[in-house]
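A structural walkthrough
The lines below spell out each chain.
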Amino acid sequence: MARFNSLEELRPSPMLVCTLVLVSYFFVTAGVAYDIINEPPAIGGTTDPVTGAVKPMTFMPYRLNGQFILEGISGGFFYTLGGVGIILLDLSRNKNKSTLFRNFFMALGASILVLSYVVCMIFIRIKMPNYRR
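What counts and what doesn't
- Residues numbered from 1 in each chain as written.
- Predicted model: local features only at pLDDT ≥ 70, side-chain atom pairs only at ≥ 80, totals over all residues.
- Heavy atoms only, no water.
- Helix = DSSP H or I, 4+ residues; strand = E, 2+ residues; numbered from the N terminus.
- Rg over C-alpha atoms; globule rule 2.2 N^0.38 Å.
- Buried < 20%, exposed > 50% of the residue type's maximum accessible area, 1.4 Å probe, protein only.
- Areas by Shrake-Rupley, 256 points an atom, 1.4 Å probe, with all protein chains shown as cover.
- UniProt positions renumbered as here; feature names shortened; annotations may be inferred.
- Salt bridge = Lys/Arg side-chain N within 4 Å of Asp/Glu carboxyl O.
- Core = buried A, V, L, I, M, F, W, Y, C linked by side-chain atoms within 4.5 Å.
- Contact = heavy atoms within 4.5 Å.
- Pairing = 2+ DSSP bridges.
- Expected span 1.5 Å × (residues − 1).
- Disulfide = S-S within 2.5 Å.

Okay, the overall build of the protein next. Within the protein, the secondary structure is distributed over four helices and two strands. Counting from the amino terminus, the protein carries its helices and strands in the arrangement α-α-β-β-α-α. For 133 residues, the compact-globule formula gives about 14 Å, and the C-alpha radius of gyration of the protein, at 21 Å, lies well above that figure. On the principal axes, the C-alpha backbone points of the protein span a range of 70 × 45 × 25 Å. Scored against the burial criterion, the 133 residues of the protein give a buried share of 23%. For the protein, the accessible surface area stands at approximately 9,900 Å², while carbon and sulfur atoms represent 68% of it.

Laid out in structure tokens, this is it:
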């Protein structure tokens, strides 16, 4: 067993901690616990009334408390992407970086955050078609 002289040697790097927090945030927002307990299908299907063919369906409409696996993964991805946008906005405040990097982080973080918000609102409108209309 290795001997450590101080607790500083046991401390993980901040990037490792941030990565573990983001990965756990993704698993929580993707609904992995729900997927393990309820075992929903990856995607669903609906029958076209005209042709009788089965069309794939990635969102469970009108069911806020139910999800397909792909729906949860895509929702968790965009929630986590929004969190990364907030982290980039925070990094743009670093005075030790050049103005070019600060402006780049600010533009990238804001655009990722807006993209994540818009896509999540689209997901909600697909899930609940008459929401906020």
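From this point, the discussion proceeds with the structure in view.
Moving on: the UniProt feature "transmembrane region" (unreviewed entry) in the protein. Using the residue numbers shown here, the UniProt feature "transmembrane region" (unreviewed entry) corresponds to residues 12-34, 68-91 and 103-124. Here residues 12-34 runs as 87% helix and 0% strand, with 30 Å between its end C-alpha atoms.

Turning next to the pattern of salt bridges. By the definition in use, this model includes two salt bridges. Two residues, lysine 127 and glutamate 71, come together in a salt bridge whose shortest N-O distance is 2.8 Å. Of the two residues, lysine 127 sits in helix H4 (residues 99-127) while glutamate 71 sits in helix H3 (residues 69-91), which places them 56 residues apart along the sequence. Arginine 93 is paired through a salt bridge with aspartate 90; the nearest N and O atoms lie 3.9 Å apart.

Considering soluble globular proteins, one finds that nonpolar side chains tend to be buried as a cluster. Of all hydrophobic cores here, the largest spans eight residues; its members are Phe59, Phe78, Leu81, Leu88, Ile112, Val119, Cys120 and Phe123. Those elements that place two or more of their residues in this core are H3 and H4. The element that contributes the greatest number of residues to this core is H4, accounting for four residues. When neighbours within four sequence positions are excluded, cysteine 120 is seen to be in contact with Phe78 and Tyr79.

With that settled, the discussion passes to the pairing of strand E2 (residues 54-57). Pairing geometry for strand E1 (residues 44-47) and E2, over four bridges, is antiparallel. Of the residues in E2, the one forming a bridge with threonine 47 is valine 54. Count of turn residues in the E1/E2 antiparallel hairpin: six residues, of which glycine 52 carries a positive phi of about 80°.

Once that is clear, we can look at helix H1 (residues 14-30). For H1, with 17 residues, the first-to-last C-alpha span of 24 Å sits near the 24 Å given by 1.5 Å per residue. Just beyond H1, the residue with positive phi is glycine 31, at close to 75°.

Let us look at the state of the cysteines. Across all of its chains, the model carries zero disulfides by this definition. Unpaired in this structure, cysteine 18 has its nearest cysteine sulfur neighbour in cysteine 120, at a distance of 19 Å. A relative accessible area of 29% means that cysteine 18 is categorised as partly exposed. Residue classification places cysteine 120 among the buried residues on the basis of a relative accessible area of 11%.

We now examine H4. With 29 residues, H4 extends 42 Å from end C-alpha to end C-alpha; this agrees with the ideal 42 Å at 1.5 Å per step. Inspection of H4 places Gly109, Ile112, Ser116, Val119, Cys120, Met121, Phe123 and Lys127 among the buried residues, and these make up the whole buried set. Elements in contact with the buried residues of H4: H3.

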